[in-house]
Amino acid sequence: MAKQLPDVGSGGAVPPPQRARIVLAEITRRDSHAERTRAELAQQTRVGEALVRGLVRAQLALALRLSLVVAIGLGGLPWLFAIAPSLGRTTVGGVNLPWLLLGVASFPFLIAVGWAYVRLAERNEQDFTDLVQRPER
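The sections below set out a description of the structure shown in this document.

Reading the values: the criteria
- Note on numbering: residues in each chain are counted from 1, in written sequence order.
- Reporting in this predicted model follows two pLDDT cut-offs: at least 70 for local features of residues, and 80 or more for side-chain atom pairs to be given and counted; totals over whole chains, interfaces and linings ignore these cut-offs and use all residues.
- Processing note: side-chain calculations cover all non-hydrogen atoms of the structure and skip hydrogens and water entirely.
- Going along the chain from the N terminus, every DSSP run of H or I of four or more residues is numbered as a helix, and every run of E of two or more is numbered as a strand.
- The buried label goes to any residue with under 20% of its type's maximum accessible area, the exposed label to any with over 50%, and the partly exposed label to all in between, with areas taken from a 1.4 Å probe on protein chains only.
- Note on definitions: a residue-residue contact is assigned when non-hydrogen atoms from the two residues lie within 4.5 Å.
- Helix span, as expected, comes to 1.5 Å for every residue beyond the first.
- To obtain the bend at a residue, axes are fitted to the seven residues ending there and to the seven starting there, and the angle between these axes is taken.
- Any pair of nitrogen or oxygen atoms within 3.5 Å is treated as a polar contact; in protein, a donor-acceptor pairing is required on top of that, and neighbouring residues in sequence qualify only through side-chain atoms on both sides.

## Describing the overall build of the protein
Reasoning step 1: Looking only at helices and strands, the protein has 4 helices and 2 strands in total.
Reasoning step 2: Starting at the N terminus and walking to the C terminus, you meet the elements of the protein as α-α-α-β-β-α.
Reasoning step 3: Burial analysis of the protein (137 residues in total) assigns 13% to the buried set.
Reasoning step 4: Look at the contacts in the protein between residues 6 or more apart in sequence, and 65% of them connect residues 24 or more apart.

## Some remarks on helix H4 (residues 97-133)
Reasoning step 1: Here H4 spans 52 Å end to end across 37 residues, near enough to the 54 Å set by a 1.5 Å rise per residue.
Reasoning step 2: At Ala105, H4 is bent by approximately 45°, the largest bend along its length, and proline Pro108 sits one to four residues beyond.
Reasoning step 3: Within H4, burial applies to Leu97, Pro98, Ser106, Val113, Ala121, Phe128 and Val132.

## Section: the side chain of Gln59
Reasoning step 1: Considering the arrangement of structural elements, one finds Gln59 in helix H2 (residues 46-83).
Reasoning step 2: According to the relative accessible area criterion, Gln59 is buried, its value standing at 14%.
Reasoning step 3: A polar contact is formed between the side chain of Gln59 and the side chain of Asn124, at a distance of 2.9 Å.
Reasoning step 4: With near-sequence residues (within four places) excluded, Gln59 lies in contact with Tyr117, Ala121, Asn124 and Glu125.

This is the structure we're talking about:
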């Protein structure tokens, strides 16, 4: 059965809709810091530039530290074999140890360093995101 609307022309009064109170101040206070920080990042203000510069600096420091690990790990092997020539002449399964270390063991080492870099770089980015979205205290 269809609902009938009151006839406005015949003097029937339509009740006014109920009012709902909307308070925007609470929402604004809660998100003001995060929104302000995002705006500073988007508008490239000095604060936003400082935040991004901090992230870039952290990523660069991570890359340099892991590059140093690779340089010492792989670059140190020839020095080791030069200092201890008897170690360079050692054979394992009919293959010289230097060939095994540089030709075979270096790949898992590089994969492990790459995995560590990705994991730590993502952690840096998550810390940056948490900093940007952290509510004001």
